[in-house]
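Residue-level structure breakdown
Next come the chains, spelled out residue by residue.
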Amino acid sequence: MLKIPNCEICKHYIEQRKVKKMCCNAFPDGIPLDVIIKAGPGVECTPGYIFEEKEDGRIYKESSPNGLYSRIMECKRKLNG
């Protein structure tokens, strides 16, 4: 099963265009793989930092309402009830 990392939709995620590693306020030098795998709603990634979805929960803006991102998020909503 393919798992899409949740880190990019967390409010603690640090958007970096020039650096190829994922960083956040909890891990400014790079998010460890085990944390990327376990990240999800309510999970404490490191003491003092709990995964919290960004207010809009969007990674990027999409022009089509039926685009891939919208379909993935719809499936996620259905699975989570």
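This write-up is about the structure you can find in this document. (Residues numbered from 1 in each chain as written. Predicted model: local features only at pLDDT ≥ 70, side-chain atom pairs only at ≥ 80, totals over all residues. Heavy atoms only, no water.)

Helix and strand content of the protein: two helices and four strands. Each of the 81 residues in the protein was classed as buried or not, and the buried ones make up 28%. Look at the contacts in the protein between residues 6 or more apart in sequence, and 38% of them connect residues 24 or more apart. Of the accessible surface of the protein, which amounts to about 6200 Å², a share of 57% is contributed by carbon and sulfur atoms. (Helix = DSSP H or I, 4+ residues; strand = E, 2+ residues; numbered from the N terminus. Buried < 20%, exposed > 50% of the residue type's maximum accessible area, 1.4 Å probe, protein only. Contact = heavy atoms within 4.5 Å. Areas by Shrake-Rupley, 256 points an atom, 1.4 Å probe, with all protein chains shown as cover.)

Here the focus is the side chain of N6. Along the polypeptide, N6 turns up in the segment before β1 (13-14). In contact with N6, not counting residues within four places along its chain, are A39, G40, F51 and K76.

Right, let's get into the environment of E44. Note on placement: E44 falls in strand β3 (residues 44-46). Given a relative accessible area of 44%, E44 falls into the partly exposed group. In this structure E44 touches K38, Y49 and I50, once residues within four positions along its chain are discounted.

Turning our attention to the side chain of H12. In this fold, H12 is placed in the segment before β1. Look at H12 and you get buried, because its relative accessible area is 14%. When residues no more than four places from it in sequence are discounted, the contact partners of H12 are C24, N25, Y49, I50 and E52.

Looking now at the pattern of salt bridges. Overall, the coordinates contain three salt bridges when judged by the stated rule. With a closest N to O distance of 3.4 Å, K11 and E52 form a salt bridge. One end of the pair, K11, is in the segment before β1; the other, E52, is in the loop between β4 (49-50) and α2 (68-80), with 41 residues separating them in the sequence. K76 is the salt-bridge partner of E53, the closest N and O atoms lying 3.7 Å from each other. (Salt bridge = Lys/Arg side-chain N within 4 Å of Asp/Glu carboxyl O.)

Here we come to the state of the cysteines. Working definition of a disulfide: a covalent bond connecting the sulfur atoms of two cysteines. This structure, assessed with the given rule, holds zero disulfides. Of all cysteine sulfurs in the structure, the one in C45 sits closest to C7, which takes part in no disulfide; the separation is 6.3 Å. Note on C7: relative accessible area 7%, which makes it buried. (Disulfide = S-S within 2.5 Å.)

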